[in-house]
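The primary structure of each chain is shown beneath.
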Amino acid sequence: MAIMAGLPGSLVALIMLWLRDPVPTPKVQWTLTVLIVALWFGFAFAVRERVVFPLQTLSNLLSALREGDFSVRGRAAAFDDALGEVMREVNILGGTLREQRLGALEATTLLRTVMSEIDVAVFAFDHQRRLQLMNRAGERLLAAPAERLLGAGAAELQLDGCLEGEAQQTFQRNFPGAAGRWGMRRSTVREHGLPLQLLVISDLTRPLREQELQAWQRLVRVLGHELNNSLTPIKSIAGSLDSMLGRKPLPEDWEDDMRRGLSVISTRSESLSRFIGAYARLAKLPRPQMQAMEIRPWVERAARLETRLHVGIRPGPDTWLQGDPDQLEQVLINLLRNATDASLITGGGVGVSWARNGTHVEVDIEDEGPGISNTTNLFVPFFTTKPGGSGIGLVLSRQIAEAQGGTLVLENRADRGGGVARLRLPV
């Protein structure tokens, strides 16, 4: 195209040179002809090189980027040169890809380090259920190095059961490297466009044993405290009565002392019996019978049962809940009773409101009492600040709420004095 661009001018010049009148000497004709043709082809090939060389440079740069060599750069061209602008953009692209590759390498190194150091077995199986990836914890679990196990089938590794059924399972299993109770999570990831089944298996034996030990320690501590509170005065009074009966002659008022002592023993025994019954009720909470229930009648029924104080109801949207009506009504009664007890101290009121929040509804029971002074022990079993309280109402209420997919939170009100119990339940 460069030759064709110079063809008209060169052709006209040659025609005028050879056909003009008077005709120049042959020496002048041939000299000018060679000069015209040489300049014509010289400039044409210069234009070609001016275009081809940058394109070859761009081709080399793109080839280097394709091969992963991001250190090669092209020389900067003039700012008014279109190919120079392309060269600069390719240089910028190379720098961006270099930074991204460094970030990916660092992230991959970090991921490999984390996978090697975590105490959780990780396995990845392809669509043919053949092992493609495992970490160091997986090697310890299967008691074999990864080099020997990669490519083996899930059935051969006794992990085929983990690739079926629910994505989250808890099971008891004896693996070649360990035995105990295990928790498994399964998910699907992709590598090079192909799906992989990712298994994460964690040992639950030690955490369960630690939690079991802590539960037993708390149980023994609470039971020991309550039993000592009841048995110590019973033992002391029984010893005093035995000493009194051993006297000869008996004191004149021995019958009155005997009645008072037996009354104290009977009172403490009844208290101990109530404590054991409350503990059994807390430990034997029945499974909830889930069904749809409307929130407005539920709140109104529980509010009518509180006769000591008028409970103000601020209606929210007409919403249906998913839960056990009997258990949830008992929770609301307990919370209203606590709010009333607090408000009677200061002469305040009690209010109930609810609002829809996404897939849940939040029920707020607000009081105008003195507020919550210590939130640490609110849900500690048998901890109470009320005379004659059992200390299981809040614990039982939270246990019911959590068993039905909800939560229970108690906190001080931000707008005024008093507390608020926020019950969050699924719609």
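If you're wondering where the values come from, they're calculated on a predicted model, not measured in any experiment.

Asks: Describe unusual backbone geometry, naming the residues involved and giving the relevant values.
Replies: Unusually for a residue other than glycine, A143 sits at a positive phi of about 55°. A143 sits in the partly exposed class, given a relative accessible area of 48%. With phi around 60°, Q158 is a residue other than glycine that occupies positive phi space. If you trace the backbone, Q158 turns up in the loop between α5 (146-149) and β3 (168-174). The class for Q158 is partly exposed, based on a relative accessible area of 45%.

Asks: Tell me what's going on with the sheet that holds strand β7 (residues 311-314), and back it up with residues and numbers.
Replies: The five strands are arranged β7-β9-β10-β12-β11 in an open sheet whose pairing can be described as mixed. In this open sheet, the two strands that pair with only one neighbour each are β7 and β11 (407-412). Across the sheet, the mean angle from the axis of one strand to that of its neighbour is 20°, orientation sign disregarded. Judged from the seven bridges that link them, strand β10 (residues 360-367) and strand β12 (residues 419-426) form a sheet pairing that is antiparallel. Within β12, the residue paired with V361 across the bridge is L425.

Asks: Just give me the short version of helix α3 (residues 82-117), but keep the residues and values in it.
Replies: Spanning 36 residues, α3 covers 53 Å between terminal C-alpha atoms, matching the ideal 52 Å at 1.5 Å per step. Within the sequence span of α3, burial applies to G84, M87, V90, N91, G94 and M115. Turning to α3, the residues buried within the fold contact α2 (26-67), β1 (121-125), β2 (131-134) and α4 (136-142).

Asks: I'd like a rundown of the pairing of β11, residues and numbers included.
Replies: Pairing analysis gives six bridges linking β11 to β12, with the strands arranged antiparallel. Of the residues in β12, the one forming a bridge with L408 is L423. Between the antiparallel neighbours β11 and β12 lie six residues, among them G418 with a positive phi of about 120°.

Asks: Got a sec to walk through a nonpolar patch on the surface? Specific residues and values, please.
Replies: A surface patch of nonpolar side chains, amounting to about 550 Å² of accessible area, comprises L11, I15, W18, L19 and W30. In this structure, L11 sits in helix α1 (residues 2-19). Owing to a relative accessible area of 45%, L11 belongs among the partly exposed residues under this scheme.

Asks: Before we move on, could you go through the packing of helix α8 (residues 295-304) against helix α9 (residues 325-346) and cite the residues and values that matter?
Replies: At a closest axis distance of 9 Å, the pairing of α8 and α9 adopts a crossing angle of 45°. Between α8 and α9, the crossing angle belongs to the class labelled oblique. By crossing handedness, the relation of α8 to α9 is classed as right-handed. On α9, the residues that touch W298, V299, R301, A302 and A303 of α8 are L328, E329, L332, I333 and L336. Considered class by class, the residues forming the contact of α8 with α9 number eight nonpolar, no polar and two charged.

Asks: Residue-level account of the sheet that holds β1, with values.
Replies: The strand order across the open sheet built from five strands is β2-β1-β5-β4-β3, with neighbouring strands paired in antiparallel fashion. Edge positions in the sheet fall to β2 and β3, since each of these pairs with one other strand and no more. With strand direction ignored, the average angle separating the axes of adjacent strands in the sheet is 30°. As paired elements, β3 and strand β4 (residues 179-191) share seven bridges and run antiparallel to each other. Note on β4: the bridge partner recorded for N174 is A179.

Asks: For the pattern of salt bridges, give the residues involved together with the corresponding values.
Replies: Counted under the stated rule, the structure contains 20 salt bridges. The closest approach of N and O atoms between E255 and R259, which form a salt bridge, is 3.9 Å. Within this pair, E255 and its partner R259 are both found in helix α7 (residues 254-283), separated by four residues, close to a single helical turn. A relative accessible area of 40% means that E255 is categorised as partly exposed. One continuous salt-bridge network, built from bridges that share partners, spans E362, D364, E411, R422 and R424.

What counts, and at which threshold
- Residues numbered from 1 in each chain as written.
- Predicted model: local features only at pLDDT ≥ 70, side-chain atom pairs only at ≥ 80, totals over all residues.
- Heavy atoms only, no water.
- Buried < 20%, exposed > 50% of the residue type's maximum accessible area, 1.4 Å probe, protein only.
- Helix = DSSP H or I, 4+ residues; strand = E, 2+ residues; numbered from the N terminus.
- Pairing = 2+ DSSP bridges.
- Axes fitted to C-alpha atoms, helices over the stretch in contact; angles between N-to-C directions.
- Expected span 1.5 Å × (residues − 1).
- Contact = heavy atoms within 4.5 Å.
- Patch = residues over 30% accessible without salt bridge, like charges linked within 9 Å, V, L, I, M, F, W, Y side chains within 5 Å.
- Areas by Shrake-Rupley, 256 points an atom, 1.4 Å probe, with all protein chains shown as cover.
- Salt bridge = Lys/Arg side-chain N within 4 Å of Asp/Glu carboxyl O.
- Parallel < 35°, antiparallel > 145°, perpendicular 65-115°, else oblique.
- Left-handed = near helix turned anticlockwise from the far one by under 90°.
- Nonpolar A, V, L, I, M, F, W, Y, C, P; charged D, E, K, R; others polar.

Everything listed here is a matter of coordinates, which is why it stays silent on function.
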